[in-house]
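The lines below spell out each chain.
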Amino acid sequence: MVFAHPKPVERVWGGSRLGFGERVGEVWLLEEPLLIKLIDPADWLSVQVHPPDAYALAREKRPGKTEAWYVLAEGEIVYGFNRPVTREEVRERAQTGALDEVLNRLWVRKGEVVYIPAGTVHALGPGTMVYEVQQPSDLTYRIYDYGRPRELHLEKALEVAILEPTPLPRFEPLRRGGGVRLMACPYFALYRYDLRGPLHLEAEKPLALTLLEGEAVLSGPGGPKPLRFPDTVLLETGEEARLEGEGVFLGASLTDSTPPPPRGPAP
């Protein structure tokens with residue numbers, strides 16, 4: 001059992017609601033075997049896309065990135081395009097500041113799950129706050145950054161971006177192991193545990209638990225430990241834990257179909 005240490009990360013678009021100071025846009029809760037963050041934007045994030053493994057390994061010598069958001073505070077997001085576009089059109093619009101006209105904007109609400117496979121163009125809007133689980137890679141290609149003086153990766157982004165409308169995937173919740181599985185993909189599964197008294201958990205795969213609301217006490221090999229937002233603990237395969245209190249936990253786990261860690265090209 002591993003107790004994670006939150007790592008606050010300042011961003012130019014960062015807010016202050018995570019409790020770690022001003023302009024802290026992200027708090028990294030865990031980095032292996034999955035990367036788990038809390039994200040609080042006071043301004044729009046860049047319009048961006050993440051590459052799939054094959055492209056990322058060939059071009060960057062590291063894995064790509066598929067991710068999912070669990071919405072903690074409602075707001076607006078970008079999710080793909082509102083009509084089919086070409087590389088040439090996206091390039092021109094990104095360079096002239098007219099990209100917004102072809103982006104698909106959605107309003108997301110607390111408790112909603114947003115699945116973002118590699119290749120999906122996306123962005124978080126101000127006021128939205130999310131828990132994010134992803135492959136343990138932070139590889140991002142920025143397409144448009146609202147005039148901020150940061151590096152863009154337009155040509156790489158155009159090589160991997162899905163250039164047509166992409167419906168937001170919906171998942172059927174499934175009760176399992178004392179909680180509800182909210183979604184699953186080849187890289188990870190996301191669970192919600194509503195704690196109303198004692199809860200016993202046994203990890204079939206490495207399971208990262210993050211307390212989002214309320215207070216709890218975790219009993220394990222090291223004795224009882226009080227938990228508060230956003231405490232995160234990693235249970236290894238086969239480990240057991242007992243939780244007591246009232247609150248809401250999110251759990252992120254590898255899935256049976258999780259591929260082995262990709263290996264880069266031989267030197």
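Look up a bit, the structure's there.
Since the structure is predicted, the reported quantities are computational estimates derived from the model, not experimental observations.

**Student:** Please explain the overall build of the protein as it appears in this structure.
**Tutor:** When helices and strands are counted, the protein shows three helices and 20 strands. Its C-alpha atoms give the protein principal-axis dimensions of roughly 60 × 40 × 35 Å. Within the protein, the proportion of its 267 residues that are buried is 50%. Looking at the protein alone, contacts between residues at least 24 apart form 74% of all its contacts between residues at least 6 apart. Carbon and sulfur atoms make up 51% of the accessible area of the protein, which amounts to about 12,400 Å² in all.

**Student:** What is the right way to read helix H1 (residues 53–60) from this model?
**Tutor:** Along an α-helix, residues three or four positions apart point the same way, because every turn accommodates 3.6 residues. Taken together, the buried positions of H1 are occupied by Asp53, Tyr55, Ala56 and Leu57. Structurally, H1 contributes buried residues whose contacts are with strand S12 (141–144) and helix H3 (154–160). With its phi angle positive at about 65°, Lys61 sits one or two positions after the end of H1.

**Student:** Looking at this structure, how should I read the pattern of salt bridges?
**Tutor:** Pairs can form between side chains of opposite charge once their charged atoms are near each other. Enumeration over the complete set of coordinates arrives at 24 salt bridges. The partner of Asp100 in a salt bridge is Arg105, with the nearest N and O atoms 2.2 Å apart. Judged by its relative accessible area of 39%, Asp100 falls in the partly exposed class. The class for Arg105 is partly exposed, based on a relative accessible area of 28%. The partner of Lys110 in a salt bridge is Glu213, with the nearest N and O atoms 3.3 Å apart. In this pair, Lys110 sits in the loop between strand S8 (103–108) and strand S9 (113–116) while Glu213 sits in strand S17 (residues 207–219), placing the two residues 103 residues apart along the sequence. The exposure class assigned to Lys110 is exposed, which follows from its relative accessible area of 56%. A relative accessible area of 33% means that Glu213 is categorised as partly exposed. Taken together, the shared-partner salt bridges in this structure form one network comprising Arg11, Glu26, Lys37, Lys65, Glu67, Glu132 and Asp138.

**Student:** How should unusual backbone geometry be read in this particular structure?
**Tutor:** One can expect most non-glycine residues to show negative phi and most peptide bonds to be in trans. A cis amide bond links Glu32 with the next residue in sequence, Pro33, at an omega value of 0°. Following the sequence through the fold, Pro33 ends up in the loop between strand S3 (24–30) and strand S4 (35–39). With omega at -5°, the peptide bond leading from Phe229 into Pro230 counts as cis. Assignment of secondary structure puts Pro230 in the loop between strand S18 (225–227) and strand S19 (232–235). Unusually for a residue other than glycine, Lys61 sits at a positive phi of about 65°. The topology assignment puts Lys61 in the loop between H1 and strand S6 (67–73). Of note, the phi angle at Tyr146 is positive, near 55°, even though the residue is not glycine. Locating Tyr146 in the fold gives a position in the loop between S12 and H3.

**Student:** Could you clarify how one ought to interpret empty space enclosed by the protein in this entry?
**Tutor:** Taken as a whole, this structure holds one cavity of 30 Å³ or more when the rule is applied. When its volume is computed, the largest cavity comes out at roughly 40 Å³. Lining the largest cavity are Leu30, Pro33, Leu34, Ile36, Pro206, Leu207, Ala208, Leu234, Ala252 and Ser253. Listing elements by their share of the lining of the largest cavity, those giving two or more residues are S17 and strand S20 (240–253). Considering only residue class, the lining of the largest cavity consists of nine nonpolar, one polar and no charged.

**Student:** What should I look at first to understand the nonpolar core in this one?
**Tutor:** Nonpolar side chains in soluble globular proteins tend to be buried together. Counting 29 residues, the largest nonpolar core has Tyr70, Tyr131, Val133 and Leu190 as its most contacted members. Elements that contribute at least two residues to this core include exactly S3, S4, S6, S9, strand S11 (129–134), strand S14 (179–184), S17 and S20. In this structure, Val78, Val85, Leu158 and Ala161 belong to the second largest nonpolar core, which totals 24 residues.

**Student:** Is there a simple way to explain the pairing of S17 in this structure?
**Tutor:** Within a regular strand, the side chains alternate between the two sheet faces. Where S17 and S19 come together, four bridges link them in antiparallel fashion. If you follow Ala208 over to S19, its bridge partner there is Leu234. Where S17 and S20 come together, twelve bridges link them in antiparallel fashion. Counterpart to Glu213 in the pairing with S20 is Val248. Judged from the three bridges that link them, S17 and S18 form a sheet pairing that is antiparallel. Pairing of Val217 across the sheet is with Pro226, part of S18.

About the cut-offs
Residues numbered from 1 in each chain as written. Predicted model: local features only at pLDDT ≥ 70, side-chain atom pairs only at ≥ 80, totals over all residues. Heavy atoms only, no water. Helix = DSSP H or I, 4+ residues; strand = E, 2+ residues; numbered from the N terminus. Buried < 20%, exposed > 50% of the residue type's maximum accessible area, 1.4 Å probe, protein only. Contact = heavy atoms within 4.5 Å. Areas by Shrake-Rupley, 256 points an atom, 1.4 Å probe, with all protein chains shown as cover. Salt bridge = Lys/Arg side-chain N within 4 Å of Asp/Glu carboxyl O. 1 Å grid on protein atoms, 1.4 Å probe; cavity = no way out; pocket = protein on both sides within 12 Å on 5 of 7 lines; lining within 4 Å. Points joined across faces, edges and corners; volume = space filled by probe spheres on them. Nonpolar A, V, L, I, M, F, W, Y, C, P; charged D, E, K, R; others polar. Core = buried A, V, L, I, M, F, W, Y, C linked by side-chain atoms within 4.5 Å. Pairing = 2+ DSSP bridges.

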